[in-house]
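What the coordinates show
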Amino acid sequence: MNASLPVSDVIAAMPMPALAISSDERVIAFNTDAQRLLEIQVKGDHFITVLRQPSVVEAVEACLTGTPQATATYLARESGNDVTYTVSVSQVGETGIALLTFQDITMVTAAGQMRRDFVANVSHELRTPLTALMGFIETLQGPARDDAPTRNRFLGIMQTETERMNRLVGDLLSLSRVEVDERVRPTTQVDVAGILASTLRTLAPVAAQADVILLPDIPDTPVMLIADMDQLMQVFTNLIENAIKYGGQGKHVFVTLTEHDRVSALRCAGVEVNVRDEGAGIENRHLPRLTERFYRADSHRSREVGGTGLGLAIVKHILNRHRGRLKISSKVGEGSEFKVFLRTTE
Ligand code: ADP
């Protein structure tokens, strides 16, 4: 680097908040990002009045007294959000100047927290059935060894718990697959009416078993759009299965497909697939969070019906990939309605 290059020009060119502090502890240069972040008015102020946060002040002091490089964390609030910066403080050659750069690590921190939460959730979801299985195996090896009726009952419960774990692992794999290609737009022409009809045929035995009546209203002519057939089938399966699970015995599940010249949620022409049940409904406060992974409005009921808490998260990711929308409405005591909007034009 040219020895005569002015520090202030270097700082002005940096793509992040940056400032320089002289050996006599004054702020001698800063760029506009630093000005905005630290609300610096003029050059020449003592660095403590500008930086204020103790860990950053300590790092600067260390650097000015001989440590070549130090780091600190700076916490800020910008437009109502908490923002975390890693501050690097470095000596600039032999000049005695300390150079500070602020790197925004908010997203990295949030992603790390999300990953930790996710692992904790998965571990918890798996631990519950595993603990139950371990307890039953122990009992079957000991006290219930020669008790045939108890053995059969326990084996039945063990099967249910194993199936739950299997579903959970299946849903986790689906979710990760969907996330992998979420940014890749589908390219094939499919018949959404045919896909919906075929999903309903597959689910007919599940509905019969639960004593729920499926009432479809689907055009018998093809309704074409660009989509991933397997993924649409998964969306419809998850929603109709939920309506069967949470709808309740003896109740109806209405499944309709309607074409619209304009869907306001999409701002273009599209189809609406509507799945409505007559179940207990969902309180309003839960609605915005239902598509979060492992979020359950009624965890007791979800576990009772073998839910994994991932079905609607999968639906949301698939619809994102298709640039579609999901709208949920519900009335406690009357039932819930899940509307899927898919675009028929590009
Ligand atoms: P789960 O496997 O628990 O059903 P989902 O992601 O499919 O997970 O749904 C999330 C939560 O939303 C469920 O636990 C349940 O509380 C609620 N929910 C979903 N669909 C319905 C419905 N049709 N009626 C009432 N509650 C529902």
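Everything in this summary refers to the structure shown in the same document. This one's a predicted model, so the numbers in the text were calculated from it and none came from an experiment.

1. A few points about unusual backbone geometry
Even without being a glycine, Arg-52 presents a positive backbone phi close to 60°. With respect to the helices and strands, Arg-52 occurs in the loop between α3 (47-51) and α4 (54-64). The backbone of Arg-267 sits at a positive phi, close to 60°, despite the residue not being glycine. When you line up the elements, Arg-267 lands in the loop between β9 (252-263) and β10 (268-277).

2. A short note on the layout of surface pockets
Each pocket or cavity is described by its volume, and for the largest pocket that value is around 1,100 Å³. If you go around the largest pocket, you meet 42 residues; those closest to its centre are Asn-242, Lys-245, Tyr-246, Val-305 and Gly-307. For the lining of the largest pocket, the secondary-structure elements that each account for two or more residues are α6 (148-180), α8 (229-247), α9 (299-304), α10 (311-321) and β12 (335-343). A breakdown of the residues in the lining of the largest pocket according to their chemical character gives 13 nonpolar, 16 polar and 13 charged. Of the pockets and cavities examined, the second largest pocket occupies roughly 280 Å³. Around the second largest pocket sit Val-206, Gln-209, Ala-210, Glu-241, Ile-244, Lys-245, Gly-248, Gln-249, Arg-301 and Val-305, which together line it. Elements supplying a minimum of two residues to the lining of the second largest pocket: α7 (192-209) and α8. Counting residues per element, the lining of the second largest pocket draws most heavily on α8, which supplies three residues. Here the lining of the second largest pocket is built from residues that sort into four nonpolar, three polar and three charged.

3. Side note on the packing of aromatic side chains
Aromatic ring pairs are defined here through the distance separating the ring centres and the angle between the ring planes. Counted by the stated rule, this structure contains four aromatic pairs. Residues Phe-118 and Phe-294 carry aromatic rings whose centres are separated by 6.1 Å and whose planes lie at 35° to one another, so their mutual orientation is tilted. Placement of the pair is Phe-118 in helix α5 (residues 106-141) and Phe-294 in the loop between β10 and α9, with a sequence separation of 176 residues. Owing to a relative accessible area of 24%, Phe-118 belongs among the partly exposed residues under this scheme. An aromatic cluster of three or more residues is present, and its members are Tyr-74, Tyr-85 and Phe-102. Positioned above the aromatic ring of Phe-254 is the side chain of Arg-276, whose terminal nitrogen or guanidinium carbon lies 4.2 Å from the ring centre.

Cut-off values and rules
Residues numbered from 1 in each chain as written. Predicted model: local features only at pLDDT ≥ 70, side-chain atom pairs only at ≥ 80, totals over all residues. Heavy atoms only, no water. Helix = DSSP H or I, 4+ residues; strand = E, 2+ residues; numbered from the N terminus. 1 Å grid on protein atoms, 1.4 Å probe; cavity = no way out; pocket = protein on both sides within 12 Å on 5 of 7 lines; lining within 4 Å. Points joined across faces, edges and corners; volume = space filled by probe spheres on them. Nonpolar A, V, L, I, M, F, W, Y, C, P; charged D, E, K, R; others polar. Phe/Tyr/Trp six-rings, centres within 6.5 Å; stacked < 30°, edge-to-face > 60°. Buried < 20%, exposed > 50% of the residue type's maximum accessible area, 1.4 Å probe, protein only. Lys NZ or Arg CZ within 6 Å of the ring centre and 35° of its normal.

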